[in-house]
Amino acid sequence: MEKTYYNPADLKKFGNITELQPELGNKFFDYYGEVFKEGALTAREKALIALAVSHAVQCPYCIDAYTSDCLEKGADENQMMEAVHVAAAIKGGAALVHGVQMMNKIKELTM
Amino acid sequence: MPVTSLKKQHHELADAGFQLTVLQQGAQFPAFADKLQQHNLLPLKPTGTTILQVNVGKMCNQACRHCHVDAGPDRREIMTRETMQLCLDALAHNPELAIVDITGGAPEMNPDFRWFVQEISKLGRQTIVRCNLTIILANPKYHDLPEFFKAHKVQVVSSLPYFAASRTDAQRGDGVFEKSIKALKMLNEVGYGIENSGLQLDLVYNPSGAFLPAAQQTLEAEFKRRLLAGYSVHFNKLFCITNLPISRYLEYLLQSGNYESYMEKLVDAFNPAAAASVMCRNTISVGWDGYLYDCDFNQMLELHVAPTAPQHIRNFDLQALNNRSIVLNQHCYGCTAGAGSSCGGQTVV
Ligand code: SF4
Ligand code: SF4
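These numbers were taken from a predicted model, which means no experiment stands behind them. (Residues numbered from 1 in each chain as written. Chains lettered and ligands numbered in written order. Predicted model: local features only at pLDDT ≥ 70, side-chain atom pairs only at ≥ 80, totals over all residues. Heavy atoms only, no water.)

**Q** What is the right way to look at the site of ligand 2 in this model?
**A** As a structural note, the neighbourhood of ligand 2 is formed by Leu-244, Val-278, Met-279, Cys-280, Cys-295, Asn-298, Ile-326, Val-327, His-331, Cys-332 and Cys-335 of chain B. A breakdown of the residues in the shell around ligand 2 according to their chemical character gives nine nonpolar, two polar and no charged. (Near = heavy atom within 4 Å. Nonpolar A, V, L, I, M, F, W, Y, C, P; charged D, E, K, R; others polar.)

**Q** I'm lost on the sheet that holds strand S8 (residues 292-293) of chain B in this one. Help?
**A** Hydrogen bonds between backbone groups are what pair the strands of a sheet, and the pairing can be parallel or antiparallel. Residue and element names in this part refer to chain B. Pairing is mixed in the open sheet, where eight strands are placed in the order S6-S5-S4-S3-S2-S1-S7-S8. Strands at the two margins of the open sheet, each flanked by one partner only, are strand S6 (238-240) and S8. The pairing of strand S3 (residues 126-130) with strand S4 (residues 155-159) spans three bridges and is parallel. Across the sheet, Arg-130 pairs through a bridge with Val-157, a residue of S4. Strands strand S5 (201-205) and S6 of the sheet are contacted by helix H9 (residues 216-231), whose axis makes an angle of about 135 degrees with S6. (Pairing = 2+ DSSP bridges. Helix = DSSP H or I, 4+ residues; strand = E, 2+ residues; numbered from the N terminus. Contact = heavy atoms within 4.5 Å. Axes fitted to C-alpha atoms, helices over the stretch in contact; angles between N-to-C directions.)

**Q** Mind showing me how you'd approach the pairing of strand S7 (residues 283-286) of chain B here?
**A** Regular strands place side chains that alternate from one sheet face to the opposite one. Residues and elements named next belong to chain B. Here S7 shows a buried face lined by Thr-283 and Ser-285 and a second buried face lined by Ile-284 and Val-286. Two elements, strand S1 (residues 51-55) and S7, share four bridges in a ladder whose sense is parallel. Across the sheet, the residue bridging to Ile-51 is Thr-283, located in S7. The sheet contact formed by S7 and S8 spans two bridges and is antiparallel. Each residue of the ladder has a partner; that of Val-286, found in S8, is Leu-292. Two successive antiparallel strands, S7 and S8, enclose a turn made up of five residues, where Gly-290 displays a positive phi of approximately 95 degrees. (Buried < 20%, exposed > 50% of the residue type's maximum accessible area, 1.4 Å probe, protein only.)

**Q** Help me understand the site of ligand 1, please; the structure alone is not making it clear to me.
**A** Taken together, the residues surrounding ligand 1 are Cys-60, Gln-62, Ala-63, Cys-64, His-66, Cys-67, Ala-71, Gly-105, Asn-132, Arg-172 and Arg-248 of chain B. Residues of the shell around ligand 1, tallied by class, amount to five nonpolar, four polar and two charged.

**Q** What should I look at first to understand a nonpolar patch on the surface in this one?
**A** A cluster of nonpolar side chains, contributed by Leu-11, Phe-14, Ile-17, Phe-28, Tyr-31 and Val-35 of chain A, occupies part of the molecular surface with about 520 Å² of accessible area. Assessed through its relative accessible area of 31%, Leu-11 of chain A is described here as partly exposed. (Patch = residues over 30% accessible without salt bridge, like charges linked within 9 Å, V, L, I, M, F, W, Y side chains within 5 Å. Areas by Shrake-Rupley, 256 points an atom, 1.4 Å probe, with all protein chains shown as cover. Salt bridge = Lys/Arg side-chain N within 4 Å of Asp/Glu carboxyl O.)

**Q** Explanation requested: the packing of aromatic side chains in the structure shown.
**A** Each aromatic ring pair is described using two quantities: the centre-to-centre distance and the angle formed by the ring planes. All chains considered together, the criterion is met by 20 aromatic pairs over all chains. Considering the side-chain rings of Tyr-6 of chain A and Tyr-61 of chain A, the 5.4 Å spacing of their centres and the 80 degrees angle between planes classify their relative orientation as edge-to-face. A residue pair is termed long-range when its members are at least 10 positions apart, and Tyr-6 of chain A in the segment before helix H1 (22-35) and Tyr-61 of chain A in helix H3 (residues 60-72) qualify at 55 residues. Ring centres 5.2 Å apart and planes at 75 degrees place the aromatic pair Phe-163 of chain B and Phe-223 of chain B in the edge-to-face group. Taken as a pair, Phe-163 of chain B in the loop between S4 and helix H7 (165-172) and Phe-223 of chain B in helix H9 lie far apart in primary sequence, 60 residues in all. Sitting over the face of the ring of Trp-115 of chain B, Arg-81 of chain B holds its NZ or CZ atom 4.4 Å from the ring centroid. (Phe/Tyr/Trp six-rings, centres within 6.5 Å; stacked < 30°, edge-to-face > 60°. Lys NZ or Arg CZ within 6 Å of the ring centre and 35° of its normal.)

**Q** Help me understand the side chain of Asp-101 of chain B, please; the structure alone is not making it clear to me.
**A** Residue and element names in this part refer to chain B. Along the polypeptide, Asp-101 turns up in strand S2 (residues 99-103). Among the polar contacts listed, one links the side chain of Asp-101 to the side chain of Gln-53, at a separation of 3.1 Å. Excluding its chain neighbours within four sequence positions, the residues that come into contact with Asp-101 are Ile-51, Leu-52, Gln-53, Val-54, Ile-128, Arg-130 and Cys-343. (Polar contact = N/O pair within 3.5 Å; in protein donor to acceptor, adjacent residues only side chain to side chain.)

**Q** It is not clear to me how the environment of Phe-18 of chain B should be interpreted in this structure. Could you clarify?
**A** Residue and element names in this part refer to chain B. Its location among the elements puts Phe-18 in helix H1 (residues 16-25). The class for Phe-18 is partly exposed, based on a relative accessible area of 27%. Separated by 46 residues in sequence, Phe-18 and Cys-64 place their C-alpha atoms 21 Å apart. Once residues lying within four places of it in the same chain are set aside, the contact partners of Phe-18 are Glu-12 and Leu-13.

**Q** Where do I start with the packing of helix H2 (residues 43-56) of chain A against H3 of chain A in this structure?
**A** Any two packed helices are characterised by how steeply their axes cross, that is the angle between the axes, and by the distance between the axes. All names here are of chain A. Running from amino to carboxyl end, H2 crosses H3 at an angle of 155 degrees, the nearest separation of the two axes being 9 Å. When the interaxial angle is binned, H2 and H3 end up roughly antiparallel. In this structure, H2 crosses over H3, and the sense of that crossing is left-handed. Mapping the contact onto sequence places Ala-47, Leu-48, Ala-50, Leu-51, Ser-54 and His-55 in H2 and Cys-62, Ile-63, Tyr-66, Thr-67, Asp-69 and Cys-70 in H3. Considered class by class, the residues forming the contact of H2 with H3 number eight nonpolar, three polar and one charged. (Parallel < 35°, antiparallel > 145°, perpendicular 65-115°, else oblique. Left-handed = near helix turned anticlockwise from the far one by under 90°.)

So this is what it looks like as structure tokens:
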């Protein structure tokens, strides 16, 4: 048994998920490849979005991968940290906006 | 912390033989020659030599963290005028050598640098000078370099690893970004980098860390946008160059614990098209002492051209050199990763 849940070396084995279900796995990787191609958004913009989402979903593999990818695509540290703040703002905002729901409920339950 | 040359530190990596030992230790990485063999590129032969790259010395006013020359203010290896004359003789006898690419150290610090450029220009060859920018401001005697370059229609190629101070200074030293911008403005003022001036000013981007360079075209657009908006600086092309795992960059990789993963990146990104377009196929590199090499990297690793070819500029023989097999080692993976890398940037479109 691994002593930790996450092993950095496992990222390289991501492709192996096709072993147990090739059809769906291959479809996913084809799709993934298409998504990250330069399109209406540049490859760097997509890498920055991916970095932000990696933080929102708190995936250590993705954080490692997209930190390298952002550097390789020429993003700078300021842009990368701003992307993380965007993720944090949305996550924080998403929590806080539920405060309205709480307030509604308070109104409903109190005199 | 200021960087000093490995030689000055008496570092074991100052020794080319030791660097090769480190590079060959990684048994997990396939031998570069075997990789070429798989793609029918072995022995690797020149396609025709058209560029003479001359390293006029290791002395430099800077001491960058990634320098593959291990250059610095303490280095005293300098090409003499006699050796420069031998280069000029080789050029005079071989009109196929259309381009002379002058590098260093800071080539301008060689006392015979201007004479050399003037003589090359008399021979009607295109001259490239790899100018580190800060040299222009380092001493009043260099302030007129932009005019000198202009007078000889020199193509200026300058390193600027980023369009912001943080990463530039981390690689090249404190304050380098600000000085580089000033020097770029001085070059712009005499017409360098300005459209239709005929004066070519190209920048070199190489990653400030253990990662591969971005795609040249998109990064060039970003550099143009940022340098113009932030500093009113103009330039022509951006060359993206991969750092090769030798000398001070190798020391950085080892010391930061990134060596294995960086080699793995280079090997994984091996591109046969880039391998077919490596710069040693059209370039010969001359060392400060006149010895000949397949490229500036082999020069720093003291890997001389194959013994079938003349070893020194005094015996220059283009035909024999064009028939040689290029000397390869594990550092060559740096030239073949992704879109490829050469002194002229990316090699595959
Ligand atoms: S990289 Fe260029 S400017 Fe920097 S120390 Fe080496 S030769 Fe000098
Ligand atoms: S390091 Fe030199 S010899 Fe090796 S591939 Fe690159 S240019 Fe050629």
